[in-house]
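Listed below are the residues making up each chain.
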Amino acid sequence: MKFFIDTANIDQIKEARDLGILDGVTTNPSLMAKEGITGEKNIFKHYKNICKEVEGLDVSAEVISTEFSEMVKEGKVLADLAENIVVKVPMTKDGIKAISYFSERDILTNCTLVFSAGQAILAAKAGATYLSPFVGRIDDISWDGMKLIEEIVSIYSIQGYATEILAASIRNPLHIIQAAKAGADVVTCPLSSILALFNHPLTDIGLAKFLEDYHKAGK
Ligand code: E4P
């Protein structure tokens, strides 16, 4: 399973990249706004900066347009910003048309705001590179987000769809483990969830004991 970081924060992207376990970055308009990045010029500049920090890794940049021809225009501009841009498009009728358009022209896409297996089938048929089902937001309304990942993994495997399942809206380290168990191709998570995977009290206790014994033996 590939690890993407779900942020537009350059320091966090660098920290995850430097761990040597990062495979890509996802952003969305809310994440850009959280970093105080506003206005087309600044947003494009920020995408370029992110892409430079993680050369060769996929970086999802989301379109703001909701109408097909505008999505196409915007998506082309985004795709031209850097070689590693993936155009992120919402799951709507116009979005699916745009994904088909980009797919025919070898422009990578990420179909976002996916909440059902039916939507997942449409995105795969349109040729989306990635599909982003939002696990956490489904959990937030007391449904089981991970069940959706399992369902889509099963359908894609039966049908032989090439679209990669990117578990999104990840809230905690358990989600990452569950996504791996369910067979997600990619998980995109906040840095805090990635870092939480490191934690185990027995690791800390064990390391302290090893170092204590080493120093004792040397005396
Ligand atoms: C990433 O591609 C999604 O936009 C993101 O994971 C959504 O996460 P949220 O539900 O925590 O906003």
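Residues numbered from 1 in each chain as written. Predicted model: local features only at pLDDT ≥ 70, side-chain atom pairs only at ≥ 80, totals over all residues. Heavy atoms only, no water.

**Focus: the side chain of threonine 7**
Note the following rule: Each helix is a run of DSSP H or I of at least 4 residues and each strand a run of E of at least 2, with the numbering of both proceeding from the N terminus. Relative accessible area decides the class of each residue, using a 1.4 Å probe on protein chains only: under 20% of the type maximum gives buried, over 50% gives exposed, and in between gives partly exposed. Any two residues having at least one pair of non-hydrogen atoms within 4.5 Å are treated as being in contact.
Assignment of secondary structure puts threonine 7 in the loop between β1 (2-6) and α1 (10-18). Here threonine 7 falls in the buried class, since its relative accessible area comes to 6%. Once residues within four sequence positions are removed from consideration, threonine 7 is found in contact with Gln12, Ile13, Val25, Thr26, Thr27, Leu31 and Glu35.

**Some details on the packing of aromatic side chains**
Note the threshold: For Phe, Tyr and Trp, where Trp contributes only its six-membered ring, two rings pair if their centres lie within 6.5 Å, and the inter-plane angle classes them as stacked under 30 degrees, edge-to-face over 60, or tilted in between. The rule for a charge over a ring is simple: NZ of Lys or CZ of Arg within 6 Å of the ring centre, and within 35 degrees of the ring normal.
Scanning the model with the defined rule gives five aromatic pairs in all. Relative to phenylalanine 102, the ring of tyrosine 101 has its centre 5.8 Å away and its plane inclined at 80 degrees; by these criteria the two rings are edge-to-face. Phenylalanine 102 carries the same exposure label as tyrosine 101, and that label is buried. Taken together, the aromatic side chains of Phe68, Tyr101 and Phe102 make up a single cluster linked through ring pairs. For the cation-ring pair, lysine 97 lies above phenylalanine 68, with the distance from its terminal atom to the ring centre recorded as 4.8 Å.

**Some words on a nonpolar patch on the surface**
Condition: Only residues above 30% relative accessible area that lack a salt bridge enter a patch, with like-charged residues linked at up to 9 Å and the nonpolar side chains Val, Leu, Ile, Met, Phe, Trp and Tyr linked at up to 5 Å. Note on areas: Shrake-Rupley with a 1.4 Å probe; residue coverage comes only from the protein chains shown. Each reported salt bridge corresponds to a side-chain nitrogen of Lys or Arg within 4 Å of a carboxyl oxygen of Asp or Glu.
Residues Leu19, Ile21 and Phe198 make up a contiguous nonpolar surface patch of about 270 Å² in total accessible area. Mapped onto the elements of the fold, phenylalanine 198 is located in the loop between α10 (191-196) and α11 (201-218). For phenylalanine 198, a relative accessible area of 53% puts it in the exposed group.

**A look at the environment of glutamate 35**
Structurally, glutamate 35 is set in the loop between α2 (29-34) and α3 (40-53). Glutamate 35 sits 28 residues away from threonine 7 along the chain, and the two C-alpha atoms are 9.0 Å apart. Leaving out residues up to four positions away in the same chain, glutamate 35 has contacts with Thr7, Ala8 and Asn9.

**A look at the site of the ligand**
The cut-off we apply is this: Residues are classed as near a molecule or strand on a simple rule: at least one heavy atom within 4 Å of it. Polar contacts, as counted here, are pairs of nitrogen or oxygen atoms within 3.5 Å of one another; within protein the pair requires one atom able to donate a hydrogen and one able to accept it, and residues that are adjacent in sequence qualify only if both atoms are side-chain atoms. Here the term charged refers only to Asp, Glu, Lys and Arg, the term nonpolar to Ala, Val, Leu, Ile, Met, Phe, Trp, Tyr, Cys and Pro, and the term polar to all other amino acids, Gly among them.
Around the ligand, the surrounding shell consists of Asp6, Thr26, Asn28, Lys88, Phe134, Arg137, Ala168, Ser169 and Arg171. At 2.7 Å, a side-chain N or O of asparagine 28 approaches an oxygen atom of the ligand. Between the ligand and arginine 137, the relevant distance is 2.6 Å, taken from an oxygen atom to a side-chain nitrogen or oxygen of the residue. In isolation the ligand has 340 Å² of accessible area, and contact with the protein removes 84% of it. Of the residues assigned to the shell around the ligand, the class counts are two nonpolar, three polar and four charged.

**Overview of the pairing of strand β7 (residues 164-167)**
Rules: We call two strands paired when DSSP finds no fewer than two bridges between them.
Here two bridges tie strand β6 (residues 130-133) to β7, and the two strands are oriented parallel to one another. Pairing of tyrosine 130 across the sheet is with glutamate 164, part of β7. Inspection of the sheet shows β7 paired to strand β8 (residues 186-189) by two bridges, in the parallel sense. Paired with alanine 167 across the two strands is valine 187, which belongs to β8.

**A few points about the packing of helix α8 (residues 145-159) against helix α9 (residues 173-182)**
For clarity, the cut-off: Here an angle of 0 to 180 degrees is reported between the N-to-C directions of two axes, which are lines fitted to C-alpha atoms, with helices fitted over the stretch in contact. Working definition: roughly parallel below 35 degrees, roughly antiparallel above 145 degrees, roughly perpendicular at 65 to 115 degrees, and oblique for all remaining angles. Working rule for handedness: look at the near helix, and if it is turned counterclockwise from the far one by less than a right angle, call the crossing left-handed; if clockwise, right-handed.
Closest axis-to-axis distance for the α8/α9 pair is 9 Å, and the angle between their directions is 20 degrees. As summarised for this structure, α8 and α9 are arranged roughly parallel, according to the angle between their axes. Relative to α9, α8 is oriented so that their crossing is right-handed. Contacts between α8 and α9 involve Met146, Ile149, Glu150 and Val153 from the first element and His175, Gln178, Ala179 and Ala182 from the second. A per-class count over the contact of α8 with α9 returns five nonpolar, two polar and one charged.

**Points about the pairing of strand β3 (residues 58-62)**
This is how the line gets drawn: Orient the strands so they point away from the viewer, and a crossover whose first-strand-to-second-strand path over the helix runs clockwise is right-handed.
Within β3, five of the five residues are buried, which leaves the element mostly enclosed by the surrounding structure. Of the two faces of β3, both are covered, the one formed by Asp58, Ser60 and Glu62 as well as the one formed by Val59 and Ala61. Here three bridges tie strand β2 (residues 24-26) to β3, and the two strands are oriented parallel to one another. Looking at β3, one finds that valine 25 is bridged to valine 59. The pairing of β3 with strand β4 (residues 85-90) spans four bridges and is parallel. Paired with serine 60 across the two strands is valine 86, which belongs to β4. Regarding topology, helix α4 (residues 68-81) serves as the crossover connection from β3 to the parallel β4, and that connection is right-handed.

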